[in-house]
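Chain by chain, the residues:
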Amino acid sequence: MKKQTAPRIFVISIFVLAAIFPAWLSGNQIEIIRDYWGIAHIYADNDLELFFGAGYATAEDRMFQMELSRRKVAGKLAEIYGKDWLESDKLMRTLGLYKHAQEIACILQGDTRNILEAYADGVNYYLETHLDNLNPAFDEVGVVPDPWTVADSIAVWMRVSERFDRSWQNEVTALRNYEQRLRTGLIQEPAVVDNSAAIVTESDFLRTDPEAYRRLMEMEPRESSEWLEWNSLKASHAWTVSGSKTLTGGPLLESDPQIAVTLPSLWYEIHLSGGSYNARGICVAGSPGFLIGWNEDLAWGATALGSDNSDLFQEKLSRDGSMFLFEENWYPLQSYTEVIFVRNEDPVEMTVYRTIHGPLVDEFVKGVGSTEHFSLKYVAAEELDTPIAGMLAMMRSTNWEEFTGGLNDYMFPGIHVVYADVSGNIGYYTAAAIPIRSGRPGLPQIGWTGDEEWNGYVPFEELPHVLNTSSGFVASANHLPVGDWYPHSLTIGTGGTGHNPRSMRLYELLDDQNDFTFESFSEIHQDNVSAIARDFLSLARILSEKNLLSQNSTRILKALSDWDYRLLENSKAADVAETVVQVMHRSLRPNTATALLSSKYGGGHAGNIFLLRYALEEFERTQKLPDEEELAVWVNQVLEASAGSLRETVSQVRKAVMVYQTNLEGLPSIYPNANRNMPDLVTTSGNTIWSQLGNSYTQIADLSNIDSSRAFLVSEDPRSPHFFDQVELWAAGETRPAPLSREEVMKYAESIETLPSPIKKTMRQSGSD
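Everything numeric in this text was worked out from a predicted model, so none of it was measured.

Conventions adopted
- Residues numbered from 1 in each chain as written.
- Predicted model: local features only at pLDDT ≥ 70, side-chain atom pairs only at ≥ 80, totals over all residues.
- Heavy atoms only, no water.
- Helix = DSSP H or I, 4+ residues; strand = E, 2+ residues; numbered from the N terminus.
- Rg over C-alpha atoms; globule rule 2.2 N^0.38 Å.
- Buried < 20%, exposed > 50% of the residue type's maximum accessible area, 1.4 Å probe, protein only.
- Areas by Shrake-Rupley, 256 points an atom, 1.4 Å probe, with all protein chains shown as cover.
- Phe/Tyr/Trp six-rings, centres within 6.5 Å; stacked < 30°, edge-to-face > 60°.
- Salt bridge = Lys/Arg side-chain N within 4 Å of Asp/Glu carboxyl O.
- Axes fitted to C-alpha atoms, helices over the stretch in contact; angles between N-to-C directions.
- Parallel < 35°, antiparallel > 145°, perpendicular 65-115°, else oblique.
- Left-handed = near helix turned anticlockwise from the far one by under 90°.
- Contact = heavy atoms within 4.5 Å.
- Nonpolar A, V, L, I, M, F, W, Y, C, P; charged D, E, K, R; others polar.
- Arc of directions from axis to C-beta.
- Pairing = 2+ DSSP bridges.
- Polar contact = N/O pair within 3.5 Å; in protein donor to acceptor, adjacent residues only side chain to side chain.
- pLDDT = per-residue confidence, 0-100.
- Expected span 1.5 Å × (residues − 1).

Q: Give a description of the overall build of the chain that names residues and reports values.
A: When its secondary structure is counted, the chain shows 25 helices and 25 strands. Computed over C-alpha atoms, the radius of gyration of the chain comes to 27 Å, within 12% of the 27 Å expected from 2.2 N^0.38 for 769 residues, which places it in the range of a compact globule. Within the chain, buried positions represent 62% of all 769 residues. Roughly 29,500 Å² of accessible area belongs to the chain as shown, and the carbon and sulfur atoms make up 48% of that amount.

Q: Talk me through the packing of aromatic side chains; I want residue IDs and the actual numbers.
A: Enumeration over the complete set of coordinates arrives at 29 aromatic pairs. Seen in terms of ring centroids, Trp 37 and Tyr 748 are 5.7 Å apart; in terms of plane orientation they differ by 45 degrees. Their pairing is tilted. Separated by 711 residues along the polypeptide, Trp 37 in the loop between strand 1 (30–35) and strand 2 (40–43) and Tyr 748 in the loop between helix 24 (742–746) and strand 25 (749–755) bring together distant segments of the chain. The exposure class of Trp 37 is buried, given its relative accessible area of 15%. A centroid spacing of 5.4 Å and a plane angle of 90 degrees characterise the contact between Phe 536 and Trp 634, whose relative ring orientation is edge-to-face. With Phe 536 in helix 17 (residues 531–545) and Trp 634 in helix 22 (residues 628–645), this pair connects stretches of sequence that are 98 residues apart.

Q: Could you give an account of the pattern of salt bridges, naming the residues involved and the relevant values?
A: Counted according to the given criterion, the structure contains 34 salt bridges. Among the ionic pairs, Lys 90 bridges to Glu 87, the shortest N-O distance being 3.7 Å. A residue pair is termed a helical-turn pair when its members lie 3 or 4 positions apart in one helix, as Lys 90 and Glu 87 do in helix 4 (residues 86–95) at three residues. In this structure, Glu 462 and Arg 215 form a salt bridge, with 3.1 Å as the shortest nitrogen-oxygen distance. Note that Glu 462 is positioned in the loop between strand 17 (445–446) and strand 18 (465–467) and Arg 215 in helix 11 (residues 210–217), a separation of 247 residues in sequence. Take Glu 462: its relative accessible area is 7%, and that puts it in the buried class. Note on Arg 215: relative accessible area 26%, which makes it partly exposed.

Q: Explain the packing of helix 2 (residues 47–74) against helix 6 (residues 110–130) residue by residue, including any values.
A: For any two helices packed against each other, the geometry is given by the interaxial angle and the distance between the axes. One way to put it is that helix 2 packs onto helix 6 with a least axis distance of 7 Å and a crossing angle of 55 degrees. Relative to helix 6, helix 2 is oriented oblique. Along this stretch, helix 2 crosses helix 6, giving a crossing that reads as right-handed. Here Leu 48, Phe 51, Phe 52, Ala 54, Gly 55, Tyr 56, Thr 58, Ala 59, Glu 60, Met 63 and Met 66 of helix 2 come into contact with helix 6, specifically with Asn 114, Ile 115, Ala 118, Tyr 119, Asp 121, Gly 122, Val 123, Tyr 125, Tyr 126, Leu 127, Thr 129 and His 130. Grouping the amino acids of the contact of helix 2 with helix 6 by side-chain chemistry returns 15 nonpolar, six polar and two charged.

Q: Describe helix 5 (residues 97–107), and please don't skip the residues or the numbers.
A: Every buried residue of helix 5 is listed here: Leu 97, Tyr 98, His 100, Ala 101, Ile 104 and Ala 105. Summarising the axial view, the buried residues of helix 5 lie within an arc of 155 degrees, below the 170-degree limit, and thus occupy one face. Contacts from the buried residues of helix 5 go to helix 2, helix 4, helix 6, helix 8 (150–164), strand 14 (374–378) and helix 12 (379–382).

Q: Outline the pairing of strand 1, supporting the account with residue identities and numerical values.
A: With five of six residues buried, strand 1 lies mostly within the body of the structure. Between strand 1 and strand 2, which follow one another and run antiparallel, lie four residues, and Gly 38 among them has a positive phi close to 85 degrees.

Q: Which residues make up the side chain of Ser 375, and what are the values?
A: Following the sequence through the fold, Ser 375 ends up in strand 14. Relative accessible area serves as the criterion here: at 0%, Ser 375 is assigned to the buried category. At a separation of 3.4 Å, a polar atom in the side chain of Ser 375 contacts the side chain of Thr 355. Leaving out residues up to four positions away in the same chain, Ser 375 has contacts with Asp 311, Leu 312, Phe 313, Glu 315, Thr 355, His 357, Gly 358, Pro 359, Leu 360 and Val 361.

Q: Any chance you could break down the side chain of Asn 278 for me, citing the residues and the numbers?
A: Secondary-structure assignment places Asn 278 in strand 6 (residues 277–284). Overall, Asn 278 belongs to the buried group, its relative accessible area being 12%. In terms of polar contacts, Asn 278 uses its side chain to reach the side chain of His 271, at 2.8 Å. At a separation of 2.9 Å, a polar atom in the side chain of Asn 278 contacts the side chain of Glu 296.

Q: Tell me about unusual backbone geometry, and please be specific about residues and values.
A: Cis geometry marks the peptide bond from Leu 263 to Pro 264, where omega comes out at -10 degrees. Relative to the helices and strands, Pro 264 resides in the loop between strand 4 (252–256) and strand 5 (267–274). Between Phe 412 and Pro 413 the backbone carries a cis peptide bond, its omega angle lying at -10 degrees. Residue position: Pro 413 is located in the loop between helix 14 (400–407) and strand 15 (415–421). Positive phi, normally seen in glycine, also occurs at Asn 547, with a value near 60 degrees. Along the polypeptide, Asn 547 turns up in the loop between helix 17 and helix 18 (551–559).

Q: Could you give me a rundown of the confidence of the model for the chain, with the residues and numbers involved?
A: When pLDDT is averaged along the chain, the result is 90; 91% of the residues meet or exceed 70. Taken as a whole, residues 759–769 scores under 50 in pLDDT and shows 19 contacts with residues more than four places along the chain or in a different chain.

Q: Summarise the environment of His 605; cite the residues concerned and give the values.
A: Within the secondary structure layout, His 605 lies in helix 21 (residues 604–622). Residue class for His 605 comes out buried when judged on its relative accessible area of 14%. Look past the residues within four positions of His 605 in its chain and what remains in contact with it is His 499, Asn 500, Pro 501, Ile 532, Val 581, His 585 and Asn 687.

Q: Tell me about the sheet that holds strand 9 (residues 310–314), residues and numbers included.
A: The strand order across the open sheet formed by three strands is 14-9-17, and the pairing between neighbours is mixed. Taken across any chain shown, the strands that pair with only one partner, and hence form the sheet edges, are strand 14 and strand 17. Relative to strand 17, strand 9 runs parallel, the two sharing two bridges. Bridge pairing in strand 17 links Phe 313 to Gln 445.

Q: Tell me about helix 6, and please be specific about residues and values.
A: With 21 residues, helix 6 should cover 30 Å at 1.5 Å per step; its first-to-last C-alpha distance of 31 Å lies within 8% of that length. Buried residues dominate helix 6, accounting for 17 of its 21 residues.

Q: Residue-level account of the sheet that holds strand 24 (residues 736–737), with values.
A: Strand order in this open sheet of six strands is 19-3-4-22-23-24, and the pairing throughout is antiparallel. Strands with a single pairing partner mark the edges of an open sheet, and in this sheet they are strand 19 (473–476) and strand 24. As judged from the two bridges shared by strand 23 (residues 710–713) and strand 24, these two strands associate in the antiparallel manner. Within strand 24, the position partnered with Ala 711 by the bridge is Arg 736. Strands strand 3 (237–241) and strand 19 of the sheet are contacted by helix 15 (residues 501–511), whose axis makes an angle of about 165 degrees with strand 19.

Q: Lay out the packing of helix 15 against helix 17 in plain terms, naming residues and giving numbers.
A: Running from amino to carboxyl end, helix 15 crosses helix 17 at an angle of 85 degrees, the nearest separation of the two axes being 8 Å. Taken together, the axis directions place helix 15 and helix 17 in an arrangement best described as roughly perpendicular. Contact residues: helix 15 offers Pro 501, Met 504, Arg 505 and Glu 508, while helix 17 offers Ala 531, Ile 532, Arg 534 and Asp 535. When grouped by side-chain class, the residues that make up the contact of helix 15 with helix 17 number four nonpolar, no polar and four charged.

Q: Summarise the environment of Asp 35; cite the residues concerned and give the values.
A: Relative to the assigned elements, Asp 35 resides in strand 1. Asp 35 sits 710 residues away from Val 745 along the chain, and the two C-alpha atoms are 7.5 Å apart. Ignoring any residue separated from it by four or fewer positions in sequence, one finds Asp 35 in contact with His 41, His 722, Tyr 748, Ala 749 and Glu 750. Side-chain polar atoms of Asp 35 contact the backbone nitrogen of Ile 39, separated by 3.0 Å.

Printed below as a string of structure tokens:
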């Protein structure tokens, strides 16, 4: 926060780059063209100038958000927001992600380092030239930002990973449940997998990669995880159809990453054209790799995998707590002291202790006994490289081989990746660094024997993948990546044992049509039909005709007799149906009246959907219901429990205030003038494809004519005329043009900003110093 040092640091950094990379001496100008919606299109002649411009434009739009993001990872939010954020800072200091980002930055080599240095220099050039005219939020908190660094960009991506990689916080609870079962003699039933829901079928994997399939078949079957389901963020969609299912003969690809719509968005949309790149898509502000995007040759989308890439290790400490046991030897705990500055409070000192596996995290985990100790081993804190390298390679790739080569360098957080290219190929890859465990998945590993250490990661070639599916489409809505034939354990618990309500509906719509256009993709995007509620009601009506429903169940059924299956706001019928779906979610359980159905179909949404599909198909084929008596018990239980849970009035969308800079952390308002009222929304349910509260970005890439692609993203800097001007698109579920060619971009150009050659400017300043 030393205001006077920022310009000099900028000068030195660029001067060093000039000595190493003579291309910077060319004197070519960098152009930033902004379109009608404020999106920055960066044009330059080489990669380094391109990313210099990207850093400058991103800082122009999002510098305060970037400041908060690096503070989150560094454990420095309490300096701004006070003691309420002390626990967040303590956790981040304990995890040590920012220190690890600095370690990676020190050893990072090659194109990735050069690009991140150029990006940081662009950010710092913006700070140097606008230090007296930054986002007014800086004045509100009394902060002058330090220069941006390569480590900051690495850390900002780690912040996203940490948000999605919190499975370790549930492992002690899973351990207690496991111990309870051992005491009582209860046996955990193996997970029931609905193989027909898998993104990658066994036959498609075999056809795509027979050698990897052979290796997988030689492995022992995977053990079930201890969790019943994954309760983290899981509401994204990405899908593509091959040219055989479109009117143009070229693939279409849509990606809708679902995370809370905030001011500003988590995502930053940008277009980079020059050197090795002509790509547009979304990154996170401060970290220039695209998670989702497209270029002239291909497009890709992503949804959260829910991968299990961290573990608690249960440790044995000496009586005085200074030593830990490992393989029959005692070793001293590593320790270091952290000082956390707190706004309007005295600084807080804390000591972080580490074993061979990682930091001790006892105070951040529920259920830890007084004599127990747990350390955390986490991929993001282990790897001495950054996923940004993989994302940059994906951005400049031209075909499936190059794209998956880049994907091989992507490690966290785990994602489902959907792919399409101009040659007509469509594909899918599970992307993550998944540890190979010796101990039981989902439980803390034993840390003192050395018998349950990680044995590397699942080889990239053995992760679920397919090129050109037999179905003609690929779709992910955070559901089952691969069937139970697959031997590796990838995801957290049984939340991924089949379809969820969103993937169920998405597969229906994609399988039902062979003449897709942009307009029909838009219709899917805006779909708010609850297929799971529809099918449950179909089953209930069959049972009603057989006089197998109770009076209360019949009453609920009648209340939904005219419902069109759409989950709309301010709809009493939709409110009732949502209650039914929520009750269904936990209705199939072992050791209950539904145990038989649970053992056949599993639990959660996946089990519900598997059961409904099978029962209705059998009824259509034979006019008889399988397990009719058990089905009647289940349906009555769900409907009667729903009747008891119904609210008296129709749910109303509250007129929520969208707090400026709330971000992933839910930070409080610090600049109220930039707060905005949420618009009226149509569908806010998380059980439909069109879940507007999470519709933070949309892209539809047309691989038959890439300039016809479209996108939308809400919000920028509050001083920008484009701060909130895409909100109408958001509320309506629409998109706007997102071309790649300069000719098409210029049709929507609103302004052009030219940056001088960074090297010439640096030399002038160096001479004056």
